[in-house]
Amino acid sequence: MIRFDNVAKRYPTGREGLAGVSLEVAPGELVFVTGHSGAGKSTLLKLIGLLERATRGQVWVNGRNLNRLSERDVPYHRREVGMIFQDHRLLHDRTVFDNIALPLVVAGMGHQEIQRRVRAALDKVGLLGKERSLPITLSGGEQQRVGIARALVSKPPVLLADEPTGNLDPELSREIMDLFLQFNQVGVTILIATHDIELISRLGRRIVQLREGRIQHDTGLAA
Amino acid sequence: MKRRGPKQPGFRRNRNPLRWLLRHAQNAVAALGRLARHPLATLMTASVIGIAIALPSGLYLLIDNVRALTGNWDGASSISLFLAEDIDDREAEKVRQTIAARPDVAEARLITREQALAEFRQRSGFGEALDLLDRNPLPPVVLVRPASGAASADATERLAQDLQRYREIDLVRVDLQWVRRLEAITRTLERGIYVLAGLLGAAVLLIVGNTVRLEIQNRHGEIEVVKLVGGTNAFIRRPFLYEGFWYGLLGALIAIVLVVGGLWLMQGPVQRLAGLYQSSFSLDIFTSGTLLGVLLGGPLLGLAGAWLAVSRHLARIQPE
């Protein structure tokens, strides 16, 4: 599903995000990416979502070489990659419903289909009944669920989450992780960047540990 | 960015024309709704645009009217030939025939001494004074209307010079100096209005461009998120373009109100002035294509201004 061939990313500032990473993620896999801040976790995810482009090497997602996608293709690529952020990135002047509907509106989906899908997504993250609320009136955990619902409402084959539990207490973090495990069960390929080793080590999933832009340790599929 | 290599699977793009139209309609209404949410600010921006459009188009309408007026005087570019005093009516008629036969003359009409005297008596009010004279002091006159090919001011002048060479003709008078001056003045003013229109058109571009730029800045976060979830540039651009369009259209409507109102205010004095010249001239607002031009040009300028802002600023907003 996702393949990195000796990928390096150097930012215009000279900082090195990735220094040569080769990685393969199978369809339906759930992978945790860990490492200290600055180790390259975010860069890895950004390259998959085409928020950044690799300076060296090749990134493949869903059968496409991202290096060969033009700027015009980028929006269409992003529709196949749901992204979740630590700071949620919600629109605070829109209701929960409108926030979650955004990817569908952007894709030009019909009104009724949008209603149906947003309801389903709200149901999945346990926020039914909150669709008329503004995000600001929700708790941090609930806001993160809205972000998750927005990322999966268009049923993308790939889901990326950058520190999704970064601001949450252990209880809420576990709930959020449970959500990801559920989505993974229905076949979504998921990459989660986190430094919450304690939380993920008990889950027994694949963990890729980055250090200074390189893979330091990869537990692999068998873990 | 594009490299050669085996073809890779393309993306499915939504190209349903009905959907597309529907989305445009939604965008247009939504943009209008956004403007309506800040009626005062919208009205102010639209008014600035309106005034900028009204100024050159109003002036242009005035000039257009004046030109229509001078156009009516084309037939008036006639030449009066005052024949020598010792020419009798028979000889005068011969002169008339010679001149009428010229290819550059459409018509030559003889006013005999008696006719001239009668007309003078009737028009001038000096009838009694004329009675004191023992003989008719007026010469025969041939009125020449140039052929249509020689009707321009220059050609008429050349014809007049040519006619000057006839022995029987004492004096040639062409009364088109003032027509030429008026023509020159309107032409100068017209050029000035074009320059003004160009400048103010650029001003409208900048006004709309700046308004849209501010709007883009205000919605910076939203644009980022829309790009994150796969919004195309066209999707992001559309609402701003429609905003520019509405600003332009509102401005054009305000401009039309201003122009019509302004000309209406001038109508009375103009009619009085025309009355002094025994003319029933009145300002015509709706004959020329100016209003249509304003109605089309306003939205077009708004659209162009928005496009400028959008193409400059949208590309710079990228999600991180």
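> Can you break down the packing of aromatic side chains residue by residue, with the values?
For the coordinates displayed, the defined rule picks out 5 aromatic pairs over all chains. Between B:Tyr242 and B:Phe245 the ring centres are 6.5 Å apart and the planes differ by 75°, which places this aromatic pair in the edge-to-face class. A residue pair is termed a helical-turn pair when its members lie 3 or 4 positions apart in one helix, as B:Tyr242 and B:Phe245 do in helix α9 (residues 233–276) at 3 residues. In this structure B:Phe245 comes out as partly exposed when scored by relative accessible area, which is 26%. Put simply, the rings of B:Tyr242, B:Phe245 and B:Trp246 touch in pairs and so form one group of aromatic residues. Directly above the aromatic system of B:Phe11 lies the positively charged group of A:Arg64, at a separation of 3.8 Å from the ring centroid. When the ring centre of A:Phe85 is taken as reference, the NZ or CZ atom of A:Arg89 above it lies at 4.2 Å.

> I'd like a description of the interface of chain A and chain B, backed by residues and values.
Contacts between the two partners involve 31 residues from chain A and, on the opposite side, 30 residues from chain B. The interface formed by chain A and chain B holds 1 salt bridge in total. Linking A:Arg94 and B:Glu222 is a salt bridge whose minimum nitrogen-to-oxygen distance equals 2.5 Å. Elements supplying a minimum of two residues to the side of chain A that touches chain B: β5 (64–65), α2 (74–78), β6 (81–85) and α3 (96–106) of chain A. Its residues assigned to classes, the side of chain A that touches chain B comprises 12 nonpolar, 7 polar and 12 charged.

> Go over a negative patch on the surface, please, and point to the residues and values.
A contiguous patch of negative charge on the surface is contributed by B:Asp86, B:Asp88, B:Glu91 and B:Asp170. Checked against the element boundaries, B:Glu91 lands in helix α3 (residues 89–100).

> Just give me the short version of the domain arrangement of chain B, but keep the residues and values in it.
The domain boundaries assigned to chain B delineate domain 1 (24–72 + 180–313) and domain 2 (78–175). For domain 1 of chain B and domain 2 of chain B, the distance between their C-alpha centres works out to 53 Å.

> Now, about the sheet that holds strand β2 (residues 16–25) of chain A: what can you tell me, with residues and values included?
Residue and element names in this part refer to chain A. Judged by pairing direction, the sheet is antiparallel, and its 4 strands sit side by side in the order β2-β1-β4-β5 without closing on themselves. Each having just a single partner strand, β2 and β5 make up the two edges of the open sheet. In terms of strand pairing, strand β1 (residues 2–10) meets β2 through 7 bridges, oriented antiparallel. Among the inter-strand pairings, Lys9 is bridged to a residue of β2, identified as Leu18. Packed onto the sheet, helix α1 (residues 41–48) meets β1, β2 and β4 (56–61) and runs at close to 120° relative to β1.

> Help me get a handle on the sheet that holds strand β3 (residues 141–146) of chain B, residues and values and all.
All names here are of chain B. In spatial order, the strands read β2-β3-β1-β4; together these 4 strands make up an open sheet with antiparallel pairing. What marks the edges here is a single partner per strand, and that holds for β2 (105–111) and β4 (169–174). Neighbour to neighbour, the strand axes of the sheet diverge by 20° on average, direction disregarded. Where α3 meets the sheet, it contacts β1 (79–83), β2, β3 and β4, and its direction lies at approximately 170° from that of β2.

> Could you give an account of the pairing of β2(A), naming the residues involved and the relevant values?
The buried fraction of β2(A) amounts to 7 of the 10 residues, a majority that puts the element mostly inside the structure. As consecutive antiparallel partners, β1(A) and β2(A) are separated by 5 residues, and within that stretch A:Gly14 has a phi angle of approximately 100°, a positive value.

> Provide a residue-level description of the nonpolar core, including the pertinent values.
The biggest cluster of nonpolar side chains holds 41 residues, and the ones touching the most others in it are B:Val208, B:Val212, B:Ile216, B:Ile223, B:Ile236 and B:Phe240. The set of elements that each furnish at least two residues to this core consists of α3 of chain A together with α1 (17–37), α2 (39–72), α7 (177–218), α8 (220–228), α9 and α10 (290–313) of chain B. The element contributing the most residues to this core is α9(B), with 13 residues. The contacts of B:Ile223, once residues within four sequence positions are left out, are B:Ile216, B:Ile236, B:Phe240, B:Leu314 and B:Ile317. The next biggest cluster of nonpolar side chains, apart from the first, holds 37 residues, and it includes A:Ile114, A:Leu152, A:Leu179 and A:Leu199.

> Could you give me a rundown of unusual backbone geometry, with the residues and numbers involved?
Residues and elements named next belong to chain A. Of note, Asn6 is a non-glycine position whose phi angle comes to about 50°, a positive value. Counting through the fold element by element, Asn6 comes out in strand β1. For Asn6, a relative accessible area of 40% puts it in the partly exposed group. Phi is positive for Asn62, which is not a glycine, with a value near 55°.

> Explain a nonpolar patch on the surface to me, and be specific about the residues and the numbers.
Residues and elements named next belong to chain B. Together, Leu250, Leu253 and Leu295 make up an exposed nonpolar region whose accessible area comes to about 210 Å². In this fold, Leu250 is placed in helix α9. Of the residues examined, Leu250 reaches a relative accessible area of 30% and is grouped as partly exposed.

The rules behind each value
- Residues numbered from 1 in each chain as written.
- Chains lettered and ligands numbered in written order.
- Predicted model: local features only at pLDDT ≥ 70, side-chain atom pairs only at ≥ 80, totals over all residues.
- Heavy atoms only, no water.
- Phe/Tyr/Trp six-rings, centres within 6.5 Å; stacked < 30°, edge-to-face > 60°.
- Helix = DSSP H or I, 4+ residues; strand = E, 2+ residues; numbered from the N terminus.
- Buried < 20%, exposed > 50% of the residue type's maximum accessible area, 1.4 Å probe, protein only.
- Lys NZ or Arg CZ within 6 Å of the ring centre and 35° of its normal.
- Contact = heavy atoms within 4.5 Å.
- Salt bridge = Lys/Arg side-chain N within 4 Å of Asp/Glu carboxyl O.
- Nonpolar A, V, L, I, M, F, W, Y, C, P; charged D, E, K, R; others polar.
- Patch = residues over 30% accessible without salt bridge, like charges linked within 9 Å, V, L, I, M, F, W, Y side chains within 5 Å.
- Areas by Shrake-Rupley, 256 points an atom, 1.4 Å probe, with all protein chains shown as cover.
- Lys, Arg positive; Asp, Glu negative; His and termini not counted.
- Charge placed at Lys NZ, Arg CZ, Asp CG, Glu CD.
- Domains from an automatic or database assignment.
- Pairing = 2+ DSSP bridges.
- Axes fitted to C-alpha atoms, helices over the stretch in contact; angles between N-to-C directions.
- Core = buried A, V, L, I, M, F, W, Y, C linked by side-chain atoms within 4.5 Å.

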